[in-house]
Amino acid sequence: MRLEGKVAVITGGASGIGASTVGRFIEEGASVVLGDIQSKLGTEIANSHGKSALFHKCDVTNDRDMSRLIDFAIDTHGKIDIMMNNAGIVGARGPISKIPLEEFETTIQIHLIGTFLGTKYAAEVMMPVQSGSIINLASTAGVNGGWGPHAYAAAKHGIVGLTKNVAAELCRYGIRVNCIAPGSTVTPLVAKAHLDDHEALSEVTEKLAENSPILGRPGQAIDIANAALYLASEESGNTNGHCLVVDGGATTGSKAGDPPYSTPQPFLREGGKSGM
Ligand SMILES: NC(=O)c1ccc[n+]([C@@H]2O[C@H](COP(=O)([O-])OP(=O)(O)OC[C@H]3O[C@@H](n4cnc5c(N)ncnc54)[C@H](O)[C@@H]3O)[C@@H](O)[C@H]2O)c1
């Protein structure tokens, strides 16, 4: 029970990575408040966990909604130990010369402004008690160029920057701030990104398995939930301002198939001598 007695708030908790993390945190002893715009799904997820989870409707782009989400968790549980800013969309797509301003802005609002508001209001209640773990969802598109649509990549790079900067401020209050950069992970969002259909989960699982660096193994929401569990628990007590990439090695250039494709030849010599 790595989160015994802890209270977590998770935005975007009605689906995918958020919903998986709700379940994983509860298995480890936490109580969870999940915030999302999807009321029906969010309520169903919360009800499936009995008294350990509560749903609170919120739009992460709305200042008042985010402040109320945090108030709701405090009124219900008296504290917040873990804040996970996870809500997201694929957002604006297409070549830079064609992206409508409003679509670019919406993408930035949901990812970057949502993360800012969640971090701001969580910090406000964590600072007086001098403890807490804030976990933000970045992406491999937030640490490399060309791994996602422009607005999404810009927002995710922003989240990595915000994470590091706020970590530098809040460490003196005993609060840690980290982010996770998932590679392609089977969820409705990635089904939308790859196949333009939120519901095409089995097709996208097959597609990701084919392209996975780790032979035949697509990234799953539970992989990210487990990374979040590490960052939420005391096991990561000395990890701060970190961006934890969970992508099967994709951003290292790893790819299943013939070793010479991805592995520098010298490292393949017997005895591990690189000759370099
Ligand atoms: N799935 C991937 O491959 C992948 C890769 C890298 C990063 N991520 C990030 O992980 C996070 C979770 O994504 P997912 O793949 O689980 O997607 P998902 O679509 O399964 O879940 C996202 C959730 O966010 C909610 N949401 C969207 N806009 C909202 C708003 N304005 N206010 C409140 N809730 C809102 C949705 O209703 C949904 O429940 C996102 O930030 C995403 O960018 C996902």
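(A) View of the overall build of the protein chain. Scanning the protein chain from terminus to terminus reveals nine helices and nine strands. Taking all 276 residues of the protein chain together, the buried fraction comes to 43%. Within the protein chain, residue pairs in contact and separated by at least 24 positions form 66% of the contacts whose partners lie at least 6 positions apart.

(B) Representation of helix α1 (residues 16-27) in the model. Compared with an ideal rise of 1.5 Å per residue, which puts twelve residues at 16 Å, α1 spans 17 Å between its outermost C-alpha atoms and is within 8% of the ideal. Most of α1 sits out of view: nine of its twelve residues are buried. The complete set of buried residues in α1 reads Gly16, Ile17, Gly18, Ala19, Ser20, Thr21, Val22, Arg24 and Phe25. Positioned one or two residues after α1, Gly29 has a phi angle of 100°, which is positive.

(C) Focus on the nonpolar core. By size, the foremost hydrophobic cluster in this structure holds 71 residues, and its most contacted members are Ala8, Val9, Leu34 and Ala228. Sequence-distant contacts of Ala8, that is, excluding residues within four places in its chain, are made with Phe25, Ala30, Val32, Asp81, Ile82, Met84 and Ala232.

(D) Representation of the environment of Ala53 within the structure. Relative to the assigned elements, Ala53 resides in strand β3 (residues 53-57). We classify Ala53 as buried; it has 24 C-beta atoms within 10 Å.

(E) Local environment of the pairing of strand β4 (residues 82-85). In β4, alternate side chains face the same way, and those of Ile82 and Met84 on one face and Met83 and Asn85 on the other are all buried. Of the strand pairs in this sheet, strand β1 (residues 7-11) and β4 are connected by three bridges, and their pairing is parallel. Residue Ala8 lies in a different strand from β4, and its bridge partner there is Ile82. As defined by bridge partners, β4 adjoins strand β5 (residues 132-137) across four bridges and the pair is classed as parallel. Bridge pairing in β5 links Met83 to Ile134. Handedness of the crossover joining β4 and β5 through helix α4 (residues 101-126): right-handed.

(F) Seen up close, the site of the ligand. What surrounds the ligand is a group of 28 residues, the closest being Gly12, Gly16, Gly88, Thr187 and Leu189. Within the residue set of the shell around the ligand, elements represented by two or more residues are α1 and α6 (188-195). Within the shell around the ligand, the residues separate by chemical class into 13 nonpolar, 13 polar and two charged.

(G) Representation of the packing of helix α3 (residues 63-77) against α4 in the model. Following both chains from N to C, one finds α3 and α4 inclined at 35°, their axes separated by 9 Å at the closest point. Crossing handedness for the pair α3 and α4: right-handed. Across the interface between the two elements, Asp63, Met66, Ser67, Ile70 and Ile74 of α3 pack against Leu117, Gly118, Tyr121, Ala122 and Val125 of α4. Classifying every residue of the contact of α3 with α4 gives seven nonpolar, two polar and one charged.

(H) Geometry of the confidence of the model for the protein chain. Scored by pLDDT, the protein chain has a mean of 93; 92% of the residues are at 70 or more. Scored below 50 in pLDDT, residues 260-269 shows twelve contacts in the model against residues more than four places distant or in partner chains. Confidence over residues 272-276 falls short of pLDDT 50; this stretch has five contacts with residues more than four positions distant or in other chains.

(I) Local environment of the packing of α4 against helix α5 (residues 150-170). Between α4 and α5, whose axes approach to 8 Å, the crossing angle comes to 15°. Relative to α5, α4 is oriented roughly parallel. The two elements α4 and α5 cross, and the hand of that crossing is right-handed. Taking contact as the criterion, the partners of Phe104, Thr107, Ile108, His111, Leu112, Thr115, Phe116, Thr119 and Ala123 in α4 are, on α5, Ala151, Tyr152, Ala154, Ala155, Lys156, Gly158, Ile159, Leu162, Val166 and Leu170. For the contact of α4 with α5, the per-class residue count stands at 13 nonpolar, five polar and one charged.

(J) Focus on the environment of Val204. As for its placement among the helices and strands, Val204 is situated in helix α7 (residues 201-211). With 56 residues separating them along the chain, Val204 and Gly148 place their C-alpha atoms 16 Å apart. In contact with Val204, other than residues within four places in its own chain, are Val186, Val190, Ala191, His194 and Leu195.

So, how was this worked out
- Residues numbered from 1 in each chain as written.
- Predicted model: local features only at pLDDT ≥ 70, side-chain atom pairs only at ≥ 80, totals over all residues.
- Helix = DSSP H or I, 4+ residues; strand = E, 2+ residues; numbered from the N terminus.
- Buried ≥ 20, exposed ≤ 12 C-beta atoms within 10 Å, placed from the backbone.
- Contact = placed C-beta atoms within 7 Å.
- Expected span 1.5 Å × (residues − 1).
- Core = buried A, V, L, I, M, F, W, Y, C linked by C-beta atoms within 7 Å.
- Pairing = 2+ DSSP bridges.
- Right-handed = clockwise from strand over helix to strand, strands pointing away.
- Near = placed C-beta within 6 Å.
- Nonpolar A, V, L, I, M, F, W, Y, C, P; charged D, E, K, R; others polar.
- Axes fitted to C-alpha atoms, helices over the stretch in contact; angles between N-to-C directions.
- Left-handed = near helix turned anticlockwise from the far one by under 90°.
- pLDDT = per-residue confidence, 0-100.
- Parallel < 35°, antiparallel > 145°, perpendicular 65-115°, else oblique.

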